[in-house]
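Below, each chain spelled out in residue letters.
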Amino acid sequence: MKIISTNIGKRTTFIWNGKEEATGIYKNPTNKPIYLTKNDVISDEVSNRLNHGGYYKACYIFSSEQYPYWKKLYPKLDWTWGMFGENLTVSGFDERQVYLGDIYKVGQAVVQISQYREPCYKLGHKFGTQKVLKQFIEHGFGGTYLSILEEGYVTINDEFDLIERPKKSLTVSELFHLVHAKEKNQELLKIIVDSKAIPPKKRILFSKFLK
């Protein structure tokens, strides 16, 4: 896994249901190092601190290998890295091989795979249609959030070096599918409930599906 783009978003406003909304989803490549803190990325807009930023969502990464699929669906969009609101566009990121709780050294930082992406209406606004939310879920590759265990700069061409992997976990892909599945896999649910990489409130939420 290697960083191919570092992306930063500025505060952008738009009208939604008659009200002005702010978002940081409109990110653009910086071609510069960016600094990962334990709550966010320095200079990156986080308009809604309730649902973005914080320990379990400090930084969002997305796979460059998923871009061709979306470019084919939406060829008229102005495509740049950061299109999905990710801080880091990463090559070689296979969500079927990366696990919840994995710890990596990347650049100066140490990061942990932590949270799944829940697409919202702001992604739909950026793509020009809310149908992209259903497509995003059905495609099944949502990227992942990182917790920052050690703060530091990361930049283009920095590689993710695996330091530690939990003995029992599930992949980023399994986590994403489990979240959106009507019938929840009970064994995977038990792993999530026991995982410290998932926020306590989310663990409580998932425990309600246990039979």
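Each remark here, short or long, concerns the structure printed above.
Report on the accompanying structure. (Residues numbered from 1 in each chain as written. Predicted model: local features only at pLDDT ≥ 70, side-chain atom pairs only at ≥ 80, totals over all residues. Heavy atoms only, no water.)

1. Thoughts on the packing of aromatic side chains
Given two aromatic rings, one states the distance between the centres and the angle between the planes to describe the pair.
Step number 1: Under the counting rule described, the total for this entry stands at 23 aromatic pairs.
Step number 2: Geometrically, the ring pair formed by Tyr67 and Trp81 is edge-to-face, given 4.7 Å between the ring centres and 75° between the ring planes. Here Trp81 lies in the loop between helix H1 (67-73) and strand E7 (88-91) and Tyr67 lies in helix H1, a separation of 14 residues in the sequence.
Step number 3: Taking relative accessible area as the criterion, Tyr67 reaches 1% and is therefore assigned buried. (Phe/Tyr/Trp six-rings, centres within 6.5 Å; stacked < 30°, edge-to-face > 60°. Helix = DSSP H or I, 4+ residues; strand = E, 2+ residues; numbered from the N terminus. Buried < 20%, exposed > 50% of the residue type's maximum accessible area, 1.4 Å probe, protein only.)

2. Description of the layout of surface pockets
Step number 1: Put simply, the second largest pocket is a space of about 220 Å³.
Step number 2: As for the second largest pocket, its lining consists of 13 residues, and the residues nearest its centre are Lys168, Ile191, Asp194, Ser195 and Lys196.
Step number 3: Take the lining of the second largest pocket: its biggest share by element is four residues, from helix H5 (residues 186-194).
Step number 4: Of the residues contributing to the lining of the second largest pocket, the split by class is four nonpolar, four polar and five charged. (1 Å grid on protein atoms, 1.4 Å probe; cavity = no way out; pocket = protein on both sides within 12 Å on 5 of 7 lines; lining within 4 Å. Points joined across faces, edges and corners; volume = space filled by probe spheres on them. Nonpolar A, V, L, I, M, F, W, Y, C, P; charged D, E, K, R; others polar.)

3. Points about empty space enclosed by the protein
Step number 1: What the rule picks out here adds up to two cavities of 30 Å³ or more.
Step number 2: If you go around the largest cavity, you meet 26 residues; those closest to its centre are Gly24, Lys27, His52, Gly85 and Tyr145.
Step number 3: Contributing elements (two or more residues each) for the lining of the largest cavity: strand E3 (19-23) and strand E6 (59-63).
Step number 4: Residue composition of the lining of the largest cavity, by class: ten nonpolar, eight polar and eight charged.
Step number 5: Taken together, Leu100, Ile113, Gln115, Tyr116, Arg117, Gly143, Thr144, Thr171, Val172, Leu175 and Phe176 make up the full set of residues lining the second largest cavity.

4. Some thoughts on the sheet that holds strand E12 (residues 161-164)
Step number 1: Reading across the sheet, the eight strands line up as E4-E1-E7-E6-E10-E9-E8-E12 and stay open at both edges, with mixed pairing between neighbours. This sheet does not close on itself; its edge strands, each paired only once, are strand E4 (27-29) and E12. Adjacent strand axes in the sheet meet at a mean angle of 40°, parallel and antiparallel pairs treated alike.
Step number 2: Here E6 runs beside strand E10 (residues 144-150); their pairing, made up of three bridges, is antiparallel. Paired with Ile61 across the two strands is Thr144, which belongs to E10. (Pairing = 2+ DSSP bridges. Axes fitted to C-alpha atoms, helices over the stretch in contact; angles between N-to-C directions.)

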